[in-house]
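Summary of structural features
The primary structure of each chain is shown beneath.
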Amino acid sequence: MSSVPTLFGFQLKWISLVTLTIQNASLGIIMHWSLVSSKPDQRYSAATAVLVCELLKGFISLLVALYGVLQTIPTRGGSASSSSSSSSSSIFNSETKFDVLLPPPTNQAGRPSSPPWSTTAGNHNLHLLLTLQPYSILLTSVFSRNALPLLVPAVAYVIQNNLIYLASSNLQVGSFAVLSQMKILTTAAFSVLLLNKRLIRSQWIALALLGLGVGVVQLQQTSSSSSSSSSPSTGGNPVKGFFAILAACFTSGLAGVWFEKVLKGSSTDLWIRNVQLSLFSLPPALLPVLFHDHSSPRRAGSSISYGGGGAGGGTEMHFFTNFNGWTWATILIQVLGGLLTALVIKFADNILKGFATSLSVLIAFVAGVVIFGYVTTPGFVLGGVMVLGATWMYNRGEEESKRIASRVAESRPDGVEEEDERG
């Protein structure tokens, strides 16, 4: 039988990639509609949406991490609760964790006695162990000293998520999807700086092509907006949107590479890291919500917005003013995207991930034309094709770079690297 992980008979890598494609495409569409379907002074608070998103991601990650801990807890028979599938989703080495948190019990003579989950120890100890130990393991893992390096990506992710809302309200759906691919450029730059990553020649060419394509798209976006008044469905400033997405891609690259560096430097489980990341994200995510709520005078029927146009009276807090179904859909899709990242990292290669990204951009582009009635130009199509081609080329080069590194490691066990085609 094949050892490839499956769900309902389908390989997990395809399930994660198809879901990621739909998530990427639908996020830009639904977020844009949730913002532009209301007047600027009647929009929901993007800062509140970011805070709720972080809370949900942290809660779900906490449940998954707790489930992983429970799989390591011995039962009456002395075996783990996931004995039928020992390699399925266990996130901890049970022996190591139990040795640290629960030393082997001893009798009065100082010799090891029966473990508390054995039948001779009684049902009370068994119940106490099974009730408290999972939470003790989880809390010890989450509130560990090695969590501090996650403060940087946590703050960067909060800034990025707020900037994405600002960019989406000022850019067309297709432009937003294409310009978002600049995160490949920033991620590559931070990978070289922080991880000492070496790019092959085709990847440098892809990055240059990506930058050129983004410039073409932005030029078309700016020229088309200046030649016509803002459409009711957009009502934004493309220049402001461009700089917002540029800053969002910068923080995205920094946060992603920093997070990768933390993961590679520690054996702590990914879901525990997600919980720690969410905890560090809460203070910076909560700060703009409290600031806007207290500093902006509020009129009935209005909401807090990035421009400071607020609503309400006195100091009463209305965190969810103007939240509707589209707002919650945007938040849930963002949460899904954050959780899908773990699956894609684990089960999919970069070529398939690049294909999913390109397909999602194409879907967003078509949706912008069909749903929002945006007019496209040959220049925009040319820039979009350049960006998609660069995305595909870069991800393909990523796989080639891994193969080269693997061959070098096999042929040069002493660590001496040969001069290959890397730039």
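Here we summarise the structure given alongside this text. Because the structure is a prediction, the values reported are computed rather than measured. (Residues numbered from 1 in each chain as written. Predicted model: local features only at pLDDT ≥ 70, side-chain atom pairs only at ≥ 80, totals over all residues. Heavy atoms only, no water.)

**Topic: the overall build of the protein**
Selection criterion: Under the DSSP-based scheme used, a helix requires at least four consecutive residues in state H or I and a strand at least two consecutive residues in state E, with every element numbered from the N terminus. Each residue's exposure class comes from its accessible area (1.4 Å probe, protein chains only) as a fraction of the maximum for that residue type: buried when under 20%, exposed when over 50%, partly exposed otherwise. Between two residues, a contact is recorded if the distance between any of their heavy atoms is within 4.5 Å. Reported accessibility uses the Shrake-Rupley method at a 1.4 Å probe radius. Residues are deemed covered only where the shown protein chains occlude them.
Helix and strand counts for the protein come out as 13 helices and two strands. Within the protein, buried positions represent 43% of all 423 residues. Considering only contacts in the protein between residues 6 or more positions apart, those separated by 24 or more positions represent 76%. Of the roughly 21,700 Å² of accessible surface on the protein, 65% is carried by carbon and sulfur atoms.

**Describing the packing of aromatic side chains**
For any pair of aromatic rings, the description rests on two quantities: the centre-to-centre distance and the angle between the ring planes. Short version of the rule: Aromatic pairs are defined between Phe, Tyr and Trp rings, using the six-membered ring for Trp, whenever the two ring centres lie within 6.5 Å; interplanar angles under 30 degrees are classed as stacked, those over 60 as edge-to-face, and all others as tilted.
This structure, assessed with the given rule, holds eight aromatic pairs. A centroid spacing of 6.2 Å and a plane angle of 85 degrees characterise the contact between Tyr 44 and Tyr 165, whose relative ring orientation is edge-to-face. Separated by 121 residues along the polypeptide, Tyr 44 in the loop between α1 (12–36) and α2 (46–70) and Tyr 165 in helix α5 (residues 151–168) bring together distant segments of the chain. The same class applies to Tyr 44 as to Tyr 165, namely buried. Between Phe 190 and Phe 250, the aromatic rings sit 5.2 Å apart at their centres with planes inclined by 70 degrees, giving edge-to-face as the arrangement.

**A look at the environment of Ser 358**
As for its position among the elements, Ser 358 is in helix α12 (residues 350–370). For the pair formed by Ser 358 and Val 178, sequence separation is 180 residues and the distance between their alpha carbons is 9.2 Å. Setting aside chain neighbours within four positions, we find Ser 358 in contact with Leu 388 and Thr 391.

**Overview of the nonpolar core**
Put simply, the rule reads: Nonpolar cores are built from buried Ala, Val, Leu, Ile, Met, Phe, Trp, Tyr and Cys residues. Side-chain atoms within 4.5 Å join them into one set.
Core analysis: the biggest nonpolar cluster contains 63 residues, and Tyr 165, Leu 179, Ile 245 and Ile 331 have the highest contact counts within it. Looking at this core element by element, the count peaks at ten residues for α2. Dropping the residues within four chain positions of it, Ile 245 is found in contact with Ala 167, Leu 171, Phe 176, Leu 179, Ser 180 and Met 182. Within the second largest apolar cluster, five residues are counted, among which are Leu 150, Ala 154, Phe 259 and Leu 277.

Bear in mind that shape data such as this cannot, by itself, settle questions of function.
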